[in-house]
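# Fold and contact review
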Amino acid sequence: MTTERFEVRREVAAPPAKVFALLCDPQGHVAIDSSGMLQSADGAPVRAVGDEFVVHMDREALGDVPMGKYDVTVIITRFEPDTRLEWTISGTIQPPIRHLYGYRLAPSETGTLVTSYYDWSQIEQRYRDKVSFPIIPETALRATLGILARTVER
C-alpha cells in the first residue's frame, strides 16, 4: 500500500450477498457511516458501473473545513456483484476531487471477509494544497466496518 491509500479488513458473520445488498443501498451507506457526515440519501440501489445516488452531507461532523451541509453525487466506478463496489463523488467542488472509496468482499468460514479502502492517489495538487488528505482517517473506516458487521449480523 502507498501513503495515499489504506485498507482495513474485518470478518463479518453474514454471506457476501447480504453485505453487498447493504452496500448497494444508498440508505445502507448512511446507516453504517461512522464519520457522522452522511445525513441521508436519495436514489435507488445501484446495479452497475455509472449508477448514481445523492448523499446529503454535513461537514461540521469533522470540524475541519467550514462547508456545513451540502450534497454529493456518488458515482459507481466498479461493480462486481457480491465481490466489489467502488465509487467516487462529485459535489460542490468542481471538477471532482477524484478520491475513491470501496469494498471488496470474499467468502470466508465466518461469512465474509470485508475489505474497505480509501484511495486519494489521483487527487490533483490544487486540492491537496487546500485540504489535508486523507479526509477520512483509517480509524473511521475501521469503525464503519464495525457498524456494518452489527447491521448485517442481526
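Criteria and cut-off values
- Residues numbered from 1 in each chain as written.
- Predicted model: local features only at pLDDT ≥ 70, side-chain atom pairs only at ≥ 80, totals over all residues.
- Heavy atoms only, no water.
- Helix = DSSP H or I, 4+ residues; strand = E, 2+ residues; numbered from the N terminus.
- Rg over C-alpha atoms; globule rule 2.2 N^0.38 Å.
- Buried < 20%, exposed > 50% of the residue type's maximum accessible area, 1.4 Å probe, protein only.
- Contact = heavy atoms within 4.5 Å.
- Areas by Shrake-Rupley, 256 points an atom, 1.4 Å probe, with all protein chains shown as cover.

Moving on to the overall build of the protein chain. Secondary structure assignment for the protein chain yields four helices and seven strands. Going from the N terminus to the C terminus, the protein chain shows its helices and strands as β-α-α-β-β-β-β-β-β-α-α. Its C-alpha atoms give the protein chain a radius of gyration of 15 Å, near enough to 15 Å, the size a compact globule of 154 residues would have. When its C-alpha atoms are laid out on the principal axes, the protein chain stretches across 45 × 35 × 25 Å. Among the 154 residues that make up the protein chain, the fraction classed as buried is 45%. Restricting the contact set of the protein chain to residue pairs at least 6 apart, pairs at least 24 apart contribute 51%. For the protein chain, the computed accessible surface area is about 7,600 Å², with 52% contributed by carbon and sulfur atoms.

This part takes up unusual backbone geometry. Where the residue is not glycine, phi is negative for most of them; where a peptide bond is considered, it is trans in most cases. Even without being glycine, Asp82 reaches a positive phi, approximately 60°. Mapped onto the elements of the fold, Asp82 is located in the loop between strand S4 (69-80) and strand S5 (84-90).

Below, the discussion takes up the environment of Leu141. Considering the arrangement of structural elements, one finds Leu141 in helix H4 (residues 138-152). Setting aside its immediate chain neighbours within four residues, Leu141 contacts Phe6, Val8, Ser116, Tyr117, Tyr118 and Ile136.

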